[in-house]
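Listed below, chain by chain, are the residues.
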Amino acid sequence: MAIEVHNVSKSFGTFTALDDVCIRVADGALTALLGPSGSGKSTLLRIIAGLESPDTGVVTIGGNDVTGVPARSRGVGFVFQHYAPFKHMTVAGNIGFGLSVRRRPRAEIQARVKELLALVRLEGLAGRYPSQLSGGQLQRMALARALAVQPEVLLLDEPFGALDAQVRSELREWLRRLHDEIHVTTIFVTHDQEEAMELARQIVVMNEGRIEQAGTPRELYESPRNEFVMTFIGPVNRLGDALMRPHDIQILAEAGPDTTEALVHRIVHLGFEVRVELTLPDGRQIWAQQTRESAQELELAEGQILAVRLPELREFAA
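Structure report, in brief. Keep in mind the model is a prediction, meaning the values are calculated, not measured.

Topic: the layout of surface pockets
Here the largest pocket defines a volume of roughly 630 Å³. Taken together, the elements giving at least two residues each to the lining of the largest pocket come down to β6 (76-79), α2 (91-101) and α4 (135-148). For the lining of the largest pocket, the element with the highest residue contribution is β6, accounting for 4 residues. The class makeup of the residues in the lining of the largest pocket is 15 nonpolar, 5 polar and 4 charged.

Encoded structure:
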């Protein structure tokens with residue numbers, strides 16, 4: 001089901017959470033709402049879900065105006081960051097709860113729960129209780145519960161934010177594979193740029209209640225519309241009012257056309273990547289991304305003076 005948000009605004013007292021927001025999420029797409037805290041991401045998600053009402057604007061799902069439709073009637077599955085399971089229910093009971101409320105036949109519930117346990121890789125854990133699960137298992141159970149009623153839209157509000165880095169990475173990979181299997185239109189909120197770039201085919205960058213830019217990860221990284229998008233999507237160096245990507249800086253063994261000298265004042269090894277911190281002749285400091293192999297070939301060392309070629313600098317109108 002495609003989702004469209006037209007000219008939606010929302011205020012809480014004197015605070016404007018959303019300011020004339022317009023987005024379109026294609027049927028079956030996996031879309032990220034990305035931005036800093038307070039940018040309006042969760043408010044927008046809650047309005048799409050029907051958990052908040054906009055002050056102005058329209059929300060459509062599958063071409064139908066659902067702006068005034070209650071959340072329970074929108075065909076939406078919702079997963080929060082801090083999932084609160086029913087502690088007295090087993091994993092199977094939690095997953096099948098929505099179907100039980102809808103008074104579906106017992107055999108149908110059991111079949112659906114079994115199917116979802118396999119889908120989210122919790123086979124063999126149906127009889128456990130939430131206190132017996134890890135954080136990653138709890139989040140997978142939450143997703144299974146949201147999927148049990150076969151929603152047309154799946155909304156995730158920072159679903160992995162409370163988990164450690166390793167578990168987040170594993171669940172990101174799992175969620176992408178899951179989406180490829182079920183093709184439910186999915187929107188997830190995150191402030192993690194890497195998470196958005198890895199998971200989403202469309203990223204909507206938000207700031208101060210507005211949409212700064214929407215596009216594919218590559219479009220946002222290579223063709224940012226403004227300074228906020230460029231600095232929020234990926235690392236940058238700032239030279240006055242100009243910006244450049246660290247990976248676009250070339251470190252050369254010998255001076256050549258359009259090169260300048262730079263002093264290596266620090267080298268940081270980050271696995272495959274090597275971060276080289278440089279000081280230019282005028283005292284300004286920048287850093288360059290190098291692969292481990294290129295750093296070894298250049299025999300980089302702190303205190304070394306090298307030739308560097310800077311890329312074309314990017315400036316945005318104020």
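Description of the sheet that holds strand β14 (residues 260-270)
Here 5 strands make up an open sheet; going across it, the order is β13-β17-β14-β15-β16 and the pairing antiparallel. One side of each edge strand has no neighbouring strand; the edge strands of this open sheet are β13 (250-252) and β16 (285-291). On average, each strand axis in the sheet is inclined to that of its neighbour by 45°, with strand direction left out of account. As paired elements, β14 and strand β15 (residues 273-279) share 7 bridges and run antiparallel to each other. Residue pairing for β15: Leu 270 is matched across the bridge by Glu 273.

Thoughts on the pattern of salt bridges
Summed over all chains, the structure comprises 18 salt bridges. A salt bridge links Lys 10 to Asp 55; the shortest N-O distance between them is 3.9 Å. Note that Lys 10 is positioned in strand β1 (residues 3-12) and Asp 55 in the loop between α1 (41-49) and β4 (56-61), a separation of 45 residues in sequence. Overall, the relative accessible area of 45% leaves Asp 55 in the partly exposed class. Between Arg 275 and Glu 277 there is a salt bridge whose closest N-O contact spans 3.4 Å.

Some thoughts on unusual backbone geometry
Within the chain, Arg 103 stands out as a residue other than glycine whose phi angle is a positive 55°. Within the secondary structure, Arg 103 sits in the loop between α2 and α3 (106-119). At Gln 150, a residue that is not glycine, the phi angle is positive and equals roughly 55°. With respect to the secondary-structure elements, Gln 150 resides in the loop between α4 and β7 (153-157). Given a relative accessible area of 60%, Gln 150 falls into the exposed group.

Description of the pairing of β4
Sheet topology note: the β1/β4 ladder contains 5 bridges and is antiparallel. Each residue of the ladder has a partner; that of Ser 9, found in β4, is Thr 56. Strand direction decides the pairing type here: β4 and strand β5 (residues 64-65), joined by 2 bridges, are antiparallel. Across the sheet, Thr 60 pairs through a bridge with Asp 65, a residue of β5. Taking the residues that link successive antiparallel strands as the turn, the β4-β5 hairpin has 2 residues, and the phi of Gly 62 there is positive, at about 65°.

Quick notes on the environment of Phe 160
Among the secondary structure elements, Phe 160 is positioned in the loop between β7 and α5 (165-182). Note on Phe 160: relative accessible area 1%, which makes it buried. Between the C-alpha atom of Phe 160 and that of Thr 90, which follows or precedes it by 70 residues, the distance is 22 Å. When residues no more than four places from it in sequence are discounted, the contact partners of Phe 160 are Gln 139, Arg 168, Leu 171, Arg 172, Leu 175 and Glu 195.

Concerning the packing of aromatic side chains
Taken as a whole and judged by the stated rule, the model has 3 aromatic pairs. Both rings, one in Phe 86 and one in Phe 97, keep their centres 4.6 Å apart while their planes meet at 50°; by these two values the pair is tilted. Linking Phe 86 in the loop between β6 and α2 with Phe 97 in helix α2, this pair joins segments that are 11 residues apart in sequence. The exposure class assigned to Phe 86 is partly exposed, which follows from its relative accessible area of 25%. What makes Phe 97 partly exposed here is its relative accessible area of 27%.

Some points on the sheet that holds β7
With mixed pairing, the 6 strands of this open sheet are ordered in space as β6-β7-β8-β3-β9-β10. Strands at the two margins of the open sheet, each flanked by one partner only, are β6 and β10 (210-215). Within the sheet, the average angular offset between the axes of one strand and its neighbour, ignoring direction, is 15°. The pairing of β6 with β7 spans 4 bridges and is parallel. Counted as the bridge partner of Phe 78 is Leu 155 from β7.

Scoring rules and cut-offs
- Residues numbered from 1 in each chain as written.
- Predicted model: local features only at pLDDT ≥ 70, side-chain atom pairs only at ≥ 80, totals over all residues.
- Heavy atoms only, no water.
- 1 Å grid on protein atoms, 1.4 Å probe; cavity = no way out; pocket = protein on both sides within 12 Å on 5 of 7 lines; lining within 4 Å.
- Points joined across faces, edges and corners; volume = space filled by probe spheres on them.
- Helix = DSSP H or I, 4+ residues; strand = E, 2+ residues; numbered from the N terminus.
- Nonpolar A, V, L, I, M, F, W, Y, C, P; charged D, E, K, R; others polar.
- Pairing = 2+ DSSP bridges.
- Axes fitted to C-alpha atoms, helices over the stretch in contact; angles between N-to-C directions.
- Salt bridge = Lys/Arg side-chain N within 4 Å of Asp/Glu carboxyl O.
- Buried < 20%, exposed > 50% of the residue type's maximum accessible area, 1.4 Å probe, protein only.
- Contact = heavy atoms within 4.5 Å.
- Phe/Tyr/Trp six-rings, centres within 6.5 Å; stacked < 30°, edge-to-face > 60°.

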